[in-house]
Amino acid sequence: MSQAYNFSAGPAMLPRAVLEQIQGELLEYGNAKASVMEISHRGADFMGLAKKSEQDLRDLMNIPSNYKVLFLQGGASSQFSMVPVNLLRGKNKANYAHTGHWSKKAIAEAKRYCDVNICTDNSANKYTDIDDFSNWNIDADGAYLHYTPNETIAGLEFDYIPEADMPLVADMSSTILSREIDVSKYGVIYAGAQKNIGPAGLTVVIVREDLIGQVVENQPVLFDYSTQANNESMYNTPPTFAWYAAGRVFEWVKAQGGLAGMGKINQTKAQTLYSAIDNSDFYSNPVAPKYRSWMNVPFLLADDNLNGLFLEKAFDAGLLALKGHRSVGGMRASIYNAMPQEGIDALVSFMGDFEKENG
Ligand SMILES: *Cc1c(COP(=O)(O)O)cnc(C)c1O
């Protein structure tokens, strides 16, 4: 296989070592004499795997014992609905921070269930900056406060945790496991797996126990957190292969030094790339330096007409999926946990060469 670095925003690169491990045990899982894809989720082999993966995630994130960890389907987008359904608890209002494409989608869905108070809105600066928390307008009648710690498309990441007198809900799809966080500050954390956890198809939800079981009436049974919380995420068939692969990724993250180790590696990677961009007149990144994402790095070329050539040459050099989101243009390098420093170095070196030839 050729050496390539995949900068896809999601589904994203997985650690090479994990892919090789999966390849090695794909036909027979442990002593099961069958593939992990072919065995019952209720059998001892899968139950053991499920238990270990949850414990590894609890260790990694230091999840307090009064939180449930749910392994669901439906993607982060299903949580845009499940959060209001479960967390309104008799109220008719919720606070949402509008800081990018994904929070906007969460807001649109919440509006189907309640009044939404937009407590901060940075759409006027095209999601390149975040307002100081002291300027937010939080409605005390809101049942909860929802925000998106890392906005995947604009490459905008919070450097602070909002705090209000109500449960805090975070869509961590593109930042979970990338650095240490204090889970106890949150009511609910959710993440689609396909960025930093594993293959698409799995959605991880971490929810404080006292928030479970007060669901809005007449909702689908699968929308109620208690359905899966009371059944170890096996009320119906879970996405077994994705869950298994996520477990292998958790083991890999542990081996990188856990979230403290991962955070150091990620910070260095991001710094390498941002300083290459800042030290050039040819490339630029529009995000306020304080809020630049460690995971998603959008950058523009001085001349948009060169975008096609850049992408073509990058692909030939084994640097994949650098095309920016259509709403931002230019390029975007997603540099999740699985991207090694060597991948960043290869990209930076390619960018230097491209600038010399075309700048
Ligand atoms: C990718 C992404 C989503 C969408 O996830 P799905 O699993 O496709 O529903 C939601 N929020 C954020 C922050 C994302 O990065």
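Each residue is numbered by its place in its chain's sequence as written, counting from 1. Totals for whole chains, interfaces and linings use all residues, but because this is a predicted model, local features are given only for residues with pLDDT of at least 70 and pairs of side-chain atoms are given and counted only at 80 or more. The basis for the side-chain values is all heavy atoms of the structure; hydrogens and waters are excluded.

Here we look at the overall build of the chain
The secondary structure content of the chain amounts to 9 helices and 14 strands. The globule rule used here is 2.2 Å times the number of residues to the 0.38 power, and the radius of gyration it is set against is calculated over C-alpha atoms. Compactness check: the chain gives a C-alpha radius of gyration of 21 Å against a globular reference of 21 Å for 359 residues, within 12% of the reference. If one aligns the C-alpha atoms of the chain with their principal axes, the spans along those axes are about 60 × 55 × 30 Å. Looking at the 359 residues of the chain, the share that counts as buried comes to 54%. Helix numbering and strand numbering both begin at the N terminus, where a helix is a DSSP run of H or I of at least 4 residues and a strand a DSSP run of E of at least 2. Partly exposed residues are those whose accessible area sits between 20% and 50% of the maximum for their type, while under 20% is buried and over 50% is exposed, using a 1.4 Å probe and protein chains only.

Let's talk about the sheet that holds strand S9 (residues 188-192)
One key point about sheets: their strands pair by backbone hydrogen bonds, in either a parallel or an antiparallel sense. One open sheet holds the 7 strands; their spatial order is S2-S10-S9-S8-S5-S3-S4, and the pairing between them is mixed. One side of each edge strand has no neighbouring strand; the edge strands of this open sheet are strand S2 (67-72) and strand S4 (115-121). In this sheet, adjacent strand axes meet at a mean angle of 15 degrees when their direction is disregarded. Here, any two strands with at least 2 DSSP bridges between them count as paired. The pairing of S9 with strand S10 (residues 203-208) spans 5 bridges and is antiparallel. Bridging across to S10, valine 188 finds its partner in valine 207. Note on definitions: a residue-residue contact is assigned when non-hydrogen atoms from the two residues lie within 4.5 Å. For helices, the fitted line uses only the C-alpha atoms of the stretch in contact; every axis is such a line through C-alpha atoms, and the angle between N-to-C directions lies from 0 to 180 degrees. Most of the contacts of helix H3 (residues 75-87) go to S9, to which it runs at about 160 degrees, and overall it touches S2, strand S3 (93-98), strand S8 (168-171), S9 and S10. Where helix H4 (residues 101-110) meets the sheet, it contacts S3, S4, strand S5 (145-147) and S8, and its direction lies at approximately 160 degrees from that of S3.

Section: the pairing of strand S14 (residues 331-334)
Taking every second residue as pointing to the same face, both faces of S14 are buried, with Met331 and Ala333 on one and Arg332 and Ser334 on the other. Where strand S12 (residues 296-301) meets S14, 4 bridges bridge the pair, whose relative direction is antiparallel. By the bridge assignment, proline 298 is partnered in S14 with arginine 332.

A short note on the pattern of salt bridges
Any carboxyl oxygen of Asp or Glu within 4 Å of a side-chain nitrogen of Lys or Arg constitutes a salt bridge here. Taken as a whole, this structure holds 14 salt bridges when the rule is applied. Of the charged contacts in the structure, one is a salt bridge between aspartate 59 and lysine 254, with a shortest N-O distance of 2.9 Å. Residue aspartate 59 is found in helix H2 (residues 44-61), and its partner lysine 254 is found in helix H6 (residues 240-255); the two are separated by 195 residues along the sequence. Classification of aspartate 59 as partly exposed rests on a relative accessible area of 41%. The exposure class assigned to lysine 254 is partly exposed, which follows from its relative accessible area of 33%. Notably, a salt bridge pairs aspartate 278 with arginine 292, separated by 2.9 Å at the nearest N-O pair. Of this pair, aspartate 278 sits in helix H7 (residues 258-278) while arginine 292 sits in the loop between strand S11 (283-284) and S12, placing them 14 residues apart in sequence.

Quick word on the sheet that holds S14
Pairing within the open sheet is antiparallel, and its 3 strands lie in the order S11-S12-S14. Looking at which strands have only one partner, the edges of the open sheet turn out to be S11 and S14. Of the strands in this sheet, S11, S12 and S14 are in contact with H7, which crosses S12 at around 15 degrees.

Regarding the nonpolar core
Within the largest apolar cluster, 58 residues are counted, with the highest numbers of intra-cluster contacts made by Met61, Leu177, Ile197 and Ile206. Among the elements that line this core, the one with the most residues is H6, at 9 residues. What marks off one domain from the next here is an automatic or database domain assignment. Taken domain by domain, this core gets at least three of its residues from each of domain 1 (16-255) and domain 2 (257-358). Setting aside residues no more than four positions away along its own chain, methionine 61 makes contact with Ile176, Leu177, Ile181, Val183, Ile206 and Leu259. As used in this record, nonpolar core signifies buried Ala, Val, Leu, Ile, Met, Phe, Trp, Tyr and Cys residues forming a set joined through side-chain atoms within 4.5 Å. With 32 residues, the next largest nonpolar core counts Trp294, Met295, Ile335 and Met339 among its residues.

Some words on the side chain of serine 103
One can find serine 103 in helix H4. A 3.5 Å cut-off defines polar contacts: any pair of N or O atoms within that distance qualifies, except that in protein one atom must be a possible hydrogen donor and the other a possible acceptor, and neighbouring residues in sequence count only when both atoms are side-chain atoms. A polar contact of 2.9 Å, which involves the side chain of serine 103, links it to the backbone nitrogen of threonine 99. For serine 103, the contacting residues outside a window of four places in its chain are Ala97, His98, Thr148 and Glu151.

Structural notes on the site of the ligand
It suffices for a single heavy atom of a residue to lie within 4 Å of a molecule or strand for the residue to be listed as near it. Surveying the vicinity of the ligand reveals 13 residues, the closest of which are Ser77, Thr152, Asp171, Gln194 and Lys195. A distance of 2.6 Å is found between a nitrogen atom of the ligand and a side-chain nitrogen or oxygen belonging to aspartate 171. Lysine 195 has a polar side-chain atom sitting 2.7 Å from an oxygen atom of the ligand. Coverage of the ligand by the protein amounts to 87% of the 390 Å² it exposes when considered alone. In the shell around the ligand, the residues fall into 3 nonpolar, 8 polar and 2 charged. Under the convention used here, a 1.4 Å probe and the Shrake-Rupley method define accessible areas, while residue burial counts only the protein chains that appear. Three classes are used: nonpolar for Ala, Val, Leu, Ile, Met, Phe, Trp, Tyr, Cys and Pro, charged for Asp, Glu, Lys and Arg, and polar for all others, with Gly counted as polar.

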